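# Descriptive analysis of the structure
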Amino acid sequence: MREIEFNDIVKAVRDIIVHCGTDLPQDTYDALKEAMENEKSPVSKEVIRQILENADIAKDEKRPLCQDTGLAVFFVKVGEDVKVKGGLLKDAINKGTEQGYTDAYLRASTCEPFSRANLKDTVGYNLPAIIHFDIVAGDKIDIEYAAKGGGSENVSRARVFPPAAGKAGIINYVKEVISDAGGNPCPPITVGVGIGGTFEKACISSKHALFRDIGSVNEDEEMAEMEKEILEEINKLGIGAMGMGGTKTALAVHIESNPCHIASLPVSVNVQCHSSRHTHITI
Amino acid sequence: MAQYTLTTPLTSKDTKKLKAGDTVLLNGTLFTARDAAHKRLVALIEKGEELPFDLEGSVIYFVGPTPPKPGDPIGSAGPTTSYRMDSFSPTMLKNGSKGMIGKGKRDQAVKDACVDYDGIYFGATGGAGALLGKQITSAEVIAYPELGPEAVRKITVKDFPVTVINDTYGNDLYQMGRKQYEVKD
Ligand code: SF4
C-alpha cells in the first residue's frame, strides 16, 4: 500500500488551479490560432485575435484569463493500492481548490441556489469543488481538472431519446442545442457529447469528453467519424466567434459513448467555451 | 463597418451614428452592474428614489470582475451573458441610460428600447478578461458592496474595445453575421 501525504495532494491541486487560471493550455491555444487563420469573417477573426492576445497577456502578467474562473471540476481515479495519510482525499482536493482560487486571485463563484448568497465565507472560497471519483487498479492518483464557466454551462442540455432516433437524431439534437446557444457560450467552443448509459451517465460522459485535448482523435473509429460530421454541421451554422457571424463556431466535438438500456438512448450535450482551462496530473 | 472613438456620457447624437458591426473604443466612465444590482436599481427607479449614479448618458457594463491583485485597480473583467439583464434594461434605457456592454443576444423588448430611446447594445469579447481588465484605469465600488463581484462600480476606461450589436435602427449583428456565414444544405 502506497501512502500519499494529504498536504502533497493539497499542494498539487492548488498548483494546477493557479496554473490553469492564467495559462491557456497549448491544445486550445493552437486550435484557436488555426481557427483564426481559417476564419472567413473579418469580425470573427478580430475576436479570435483578441482571445489570443488575452491569453498572452494573462500568461505574461499572471492575470486570470477570464473573470469567470468557473467552478472547479475534477475527475479523479484512485488506485486501489493508495492510502491518503493525514486526511480524506476529498477534503484535500477541496482544500487545494480553495488555496488555488485564493492565491491566484480567482473569483469565488459558488452560491446558494435560491438566496444566491456567496459561499466563500460559509463553505469556503469557491467551494465545494465538483468531484467525480472512480476506483482503478494501481498505486497512483490520477487527477483531471477543468475550470467550468457559467456561460457555457448554461446552454448545456440532456434528453433521453427513443432508440429509433439513432445517429441522425443525435446529430440533429446537438446541432439544435448549439444553434439555440448562439454566442452565449463564448464560441469558438468545444462540444462534449455523452451518449448512452443512463440519464446521469450521459451527462457525466459529456462533461468528461470536454477534458480531452482538442486535436486528439477518438479511439473508437465510428465515434471519430461522428465527431467530424457533427463538427462540420455546427460550423455550417454561421454563429462564429462570440456569435458575431463566422465559419468557426466550434473547435472540436468530443463524444463519449456507453452501453445503454434496450429501451432508451440518452444524449447529453455539454459545452466548453474558448477559455478551455483544463489539465491532468498523476500523483 | 466604421470605427469610432467615443467618450461617455453618450448622447443621442453619438449613438445615432453607430451601426451594427461598427467597432468603438470607449473612453471615460462606465458603471458595472449584473442582475442582482439591476434588480435593486430598477426598484429604486420604480419608487422614484435617487440612484447611486446619474443614469443620463450612462453606459452600463455587465461584469463581475475577479479580485484585483495588489496595486491593480481591478482584476480580470470581461463581459457576462446579457440575457439575465433583459427584464431590466428597457427601464434603464427609458430613464436616460444610453448604452450597455455585455455578451450574447438580447430579447425583442431590449432591441425595441434601443430604437425608442437611442440606446446601443455593445458586445465585448467574452473571456478576454485579462485584456479588457487592462483597459480599466480606475475602479471604485459606489453601491451594494455586499454583492461582492456583483457590486456597482464606477470604472474609468481607456480605449475599451467594443462592437455594436444592436443599434438605434433595430439592426442586430448576431442575426446579420449569422445569416451571412450560414451554410444551408
Ligand atoms: S463562457 Fe467561458 S470565456 Fe465566456 S465568460 Fe464564461 S468562462 Fe469566460
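Above: the structure in question.
As a starting point, this report considers the structure included with it.

Criteria and cut-off values
- Residues numbered from 1 in each chain as written.
- Chains lettered and ligands numbered in written order.
- Predicted model: local features only at pLDDT ≥ 70, side-chain atom pairs only at ≥ 80, totals over all residues.
- Heavy atoms only, no water.
- Buried < 20%, exposed > 50% of the residue type's maximum accessible area, 1.4 Å probe, protein only.
- Helix = DSSP H or I, 4+ residues; strand = E, 2+ residues; numbered from the N terminus.
- Pairing = 2+ DSSP bridges.
- Right-handed = clockwise from strand over helix to strand, strands pointing away.
- Salt bridge = Lys/Arg side-chain N within 4 Å of Asp/Glu carboxyl O.
- Contact = heavy atoms within 4.5 Å.
- Buried area = accessible area lost by both parts, 1.4 Å probe.
- Core = buried A, V, L, I, M, F, W, Y, C linked by side-chain atoms within 4.5 Å.
- Axes fitted to C-alpha atoms, helices over the stretch in contact; angles between N-to-C directions.

All names here are of chain B. Along strand β5 (residues 120–123), one buried face is formed by Ile120 and Phe122 and the opposite face, lined by Tyr121 and Gly123, is buried too. Note: strand β4 (residues 99–102) against β5, four bridges, orientation parallel. Bridged to isoleucine 101 within β5 is phenylalanine 122. In this fold, the crossover linking β4 to β5 by way of helix α4 (residues 108–116) has right-handed handedness.

Our next topic: the pattern of salt bridges. Residue and element names in this part refer to chain A. Within the structure shown, the criterion is met by 28 salt bridges over all chains. A salt bridge links aspartate 180 to arginine 157; the nearest nitrogen and oxygen atoms lie 2.8 Å apart. Highlighted residues: aspartate 180 in helix α6 (residues 166–181) and arginine 157 in strand β6 (residues 157–161), separated in sequence by 23 residues. On the basis of relative accessibility, which here comes to 31%, the residue arginine 157 falls in the partly exposed class. Through salt bridges that share partners, Lys11, Arg14, Asp15 and Asp103 make up one connected network.

A few words on the interface of chain B and chain A. Listed as interface residues are 41 residues of chain B and, on the opposing side, 44 residues of chain A. Across the interface of chain B and chain A, roughly 3,500 Å² is buried in total on both sides, 54% from carbon and sulfur atoms. Three residues, B:Leu131, B:Arg178 and B:Tyr181, lead the burial of chain B against chain A; their summed loss comes to 19% of the area buried on that side. The tally of links between chain B and chain A comes to two salt bridges. The closest approach of N and O atoms between B:Lys134 and A:Glu61, which form a salt bridge, is 2.7 Å.

Judged by nonpolar contacts, the single largest core of 77 residues is most densely connected at B:Leu26, B:Ile101, B:Phe122 and B:Phe160. The leading source of residues in this core is helix α3 (residues 42–61) of chain A, at eight residues. Within the second largest apolar cluster, 30 residues are counted, among which are A:Phe6, A:Ala92, A:Leu106 and A:Ile143.

All names here are of chain A. Across the sheet, four strands lie side by side as β6-β9-β7-β8; this open sheet has mixed pairing. One side of each edge strand has no neighbouring strand; the edge strands of this open sheet are β6 and β8 (250–260). Averaged over all pairs of adjacent strands, the angle between strand axes in this sheet comes to 15°, irrespective of strand direction. Pairing analysis gives eight bridges linking strand β7 (residues 189–197) to β8, with the strands arranged parallel. Residue pairing for β8: valine 193 is matched across the bridge by isoleucine 255. Its contacts with the sheet put helix α7 (residues 199–209) on β6, β7, β8 and β9 (265–272), and the angle it makes with β7 is roughly 150°.

So far we have only geometry, and geometry alone does not tell us how the molecule works.
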